[in-house]
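Report on the structure
Letter by letter, the chains look like this.
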Amino acid sequence: MTRQVPNFVNGEHHFSQSSRIADIHNPATGDIIAQVALSSASEINHIVSHSLKAQLSWREQSPLKRARVMFKFKELLEHNTKELATLISQEHGKTHSDAKGELTRGIEVVEFACGIPHLLKGEFSSHVGTGVDSFSMMQPLGVCVGITPFNFPAMVPLWMYPIALCCGNSFILKPSEKAPSASIKMAELLQQAGLPDGVFQVVHGDKEIVDALLSHPDIAAVSFVGSTPVAKTIYQKGCAEGKRVQALGGAKNHLLVMPDADLQRVGNALMAAAYGATGERCMAISVAVVVGDKTADALIEHLAPRVESLKVGPGLAQPENDMGPLISEAHLLKVRGYIEQGAKEGAELVVDGRELESETGYFLGGTLFDHVTPNMRIYREEIFGPVLAVVRVESYEQGLALINGHEFANGTAIFTQNGHWAHHFYQHVEVGMVGINVPIPVPMAFHSFGGWKRSIFGPLNMHGPDGVRFYTRMKTVTSSWPQDLNLDTQYSMPTME
Ligand code: NAD
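Computed from a prediction, not measured in an experiment: that's the story for all the values here.

Inspection of the secondary structure assignment puts serine 215 in helix 8 (residues 207-215). Classification of serine 215 as partly exposed rests on a relative accessible area of 40%. Distance from serine 215 to alanine 274, taken between C-alpha atoms, is 38 Å for residues 59 residues apart in sequence. Residue contacts for serine 215: discarding those within four places in its chain leaves Glu241 and Lys243.

A few words on the sheet that holds strand 13 (residues 253-257). Pairing within the open sheet is mixed, and its seven strands lie in the order 15-16-17-14-13-19-20. The open sheet has two edge strands with one neighbour each: strand 15 (348-351) and strand 20 (433-436). Taking each pair of neighbouring strands and ignoring which way they run, the sheet shows an average axis angle of 20 degrees. Pairing between strand 16 (residues 367-370) and strand 17 (residues 387-393): three bridges, direction parallel. Among the inter-strand pairings, leucine 368 is bridged to a residue of strand 17, identified as leucine 388. Lying on the sheet, helix 12 (residues 329-344) is in contact with strand 15, strand 16 and strand 17; it crosses strand 16 at an angle near 25 degrees.

Another point: empty space enclosed by the protein. As enumerated under the stated definition, the model contains three cavities of 30 Å³ or more in all. Of the pockets and cavities examined, the largest cavity occupies roughly 110 Å³. Taken together, 15 residues make up the lining of the largest cavity; nearest its centre are Ala251, Gly279, Ala284, Ser286 and Phe384. Its residues assigned to classes, the lining of the largest cavity comprises eight nonpolar, four polar and three charged.

Moving on, we come to the sheet that holds strand 23 (residues 472-480). The strand order 6-7-23 describes an open sheet built from three strands, whose pairing is antiparallel. Each edge of the open sheet is held by one strand with a lone partner, namely strand 6 (123-127) and strand 23. Each strand of the sheet is rotated relative to its neighbour by a mean of 15 degrees, with strand direction disregarded. Judged from the five bridges that link them, strand 6 and strand 7 (residues 132-140) form a sheet pairing that is antiparallel. Directly across from serine 125, in strand 7, lies its bridge partner serine 134.

Right, let's get into the state of the cysteines. Defined simply, a disulfide is a covalent bond joining two cysteines at their sulfur atoms. All chains considered together, the criterion is met by zero disulfides. Free of any disulfide, cysteine 166 has its nearest cysteine sulfur in cysteine 114, 6.4 Å distant.

Grouped burial of nonpolar side chains is what soluble globular proteins tend to show. If you look at the biggest cluster of nonpolar residues, it comprises 71 residues, and the most contacted ones within it are Phe73, Trp159, Leu165, Phe171 and Phe200. Broken down by element, the residue count for this core peaks at ten residues, all from helix 6 (residues 155-166). If we skip the residues at most four places from it in the chain, tryptophan 159 touches Val109, Val225, Leu248, Phe449, Met462 and His463. In this structure, Leu256, Leu400, Ile414 and Phe425 belong to the second largest nonpolar core, which totals 32 residues.

What follows concerns the layout of surface pockets. A volume near 1000 Å³ is recorded for the largest pocket. Together, 48 residues line the largest pocket, and Pro149, Phe224, Gly226, Ser227 and Val230 are the ones closest to its centre. Those elements that provide at least two residues to the lining of the largest pocket are helix 6, helix 8, strand 11 (219-225), helix 9 (228-240) and helix 12. Looking at the lining of the largest pocket element by element, the count peaks at six residues for helix 9. In terms of residue class, the lining of the largest pocket is made up of 21 nonpolar, 14 polar and 13 charged.

What counts, and at which threshold
- Residues numbered from 1 in each chain as written.
- Predicted model: local features only at pLDDT ≥ 70, side-chain atom pairs only at ≥ 80, totals over all residues.
- Heavy atoms only, no water.
- Helix = DSSP H or I, 4+ residues; strand = E, 2+ residues; numbered from the N terminus.
- Buried < 20%, exposed > 50% of the residue type's maximum accessible area, 1.4 Å probe, protein only.
- Contact = heavy atoms within 4.5 Å.
- Pairing = 2+ DSSP bridges.
- Axes fitted to C-alpha atoms, helices over the stretch in contact; angles between N-to-C directions.
- 1 Å grid on protein atoms, 1.4 Å probe; cavity = no way out; pocket = protein on both sides within 12 Å on 5 of 7 lines; lining within 4 Å.
- Points joined across faces, edges and corners; volume = space filled by probe spheres on them.
- Nonpolar A, V, L, I, M, F, W, Y, C, P; charged D, E, K, R; others polar.
- Disulfide = S-S within 2.5 Å.
- Core = buried A, V, L, I, M, F, W, Y, C linked by side-chain atoms within 4.5 Å.

What follows is the structure, given as structure tokens:
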């Protein structure tokens, strides 16, 4: 019988009675390996009621106690990395080392959240001589929701809930229905770490359950990561319902190659950033903007044989492969369609990944286009596959203007040996995350992650200090006490529990 992925409600596996079922495929074979019920809107009141009740006592635990649960959770994540990475590789298709890599990045956020006693210290000012003191406290919001994409089944949820929980909120995770199993394992580990039942719950589903969450009056905040059209809709609906919303969307990341850049270093960077994880990363580089024909010719000559010799195959069964499959047949057809479109629109197809032969699974070879121009669809739209477009420009200024003209602005990078260009670039580029000789400038967990323009909706980024700001609200107290304190009064110090 096919494995059924349950919801996780009030500390227990719970099988939705919904008749709408989604198959979960192994993208390396195309086989159905599990199924998940797409929960219906009628189930939401029951789930939210547990979150509400659990949050009332969880918020009363001291930040120190909440951090202790996170310390234990970190240990358990490390202990269970192999099992979690296997679940991720099976359902997503990424190589085992990529799956372990996303867990490492996620664990970094857990480590950051362990510092919550310090992060929630607030602010204090004393008006000496007046008896008036002012202080601000950061208090939890209540029940928070996370809606996450398929491409990082563990890391993106981990951007959200460790901080939300440590701030004293309860959390309902609605992971991608394409790769849902890692979430259930993480819920089990949180329970093992001592998190009270109901504080963290997982509900599977699609638009129906998301809409029910967005309109539920007891949901205080919604964090979303996914494609731009859905991010925009979630932001608009959530805000219209009076909720706090942060919604991260799609990307089209450019890497600007200056003529003085070390081409070997640029080549290594592009191979990892354009083709790693089969291009299914929101921080993947999908456009190389090259200054000067001489540099562009040399780069193409360097890249073409490397792209042709990428090892493509099952990421779990053959961990030595560079690239696993794409997530689904539909996505494979979409990416192949973009390659066809690019060639039709006049870009030069230097390496055609469609030539890869594979009898099973959703595999596509690495693809390289040269002479791509800004009016082409393969330049304008997010492809989310192993396709790199080279755009030739004549100057640094033209390259910068191109990047600043794009509607997406998640990440970007410049490769140069010249400090002047590097400095000018990070000062003037209109993109949220910037790399200098670093192709994928993902911030460390103690900074915040987020793009600009149509790569994000809402003012606050994810994790780091913005994560703490998002999952708390400030309360400011102004107090005045008589100054003639009776010093004979006996005080006993409370313990820090
Ligand atoms: P998606 O937008 O299709 O789905 C994301 C989540 O939203 C899933 O949980 C899905 O079930 C839900 N959803 C889908 N359609 C919905 C609808 N109409 N109404 C309500 N909910 C809906 O994204 P995906 O295909 O899972 O992930 C890939 C996308 O995510 C890419 O665009 C990628 O750039 C983006 N992404 C962005 C970041 C970032 O940090 N900016 C990180 C990872 C992925």
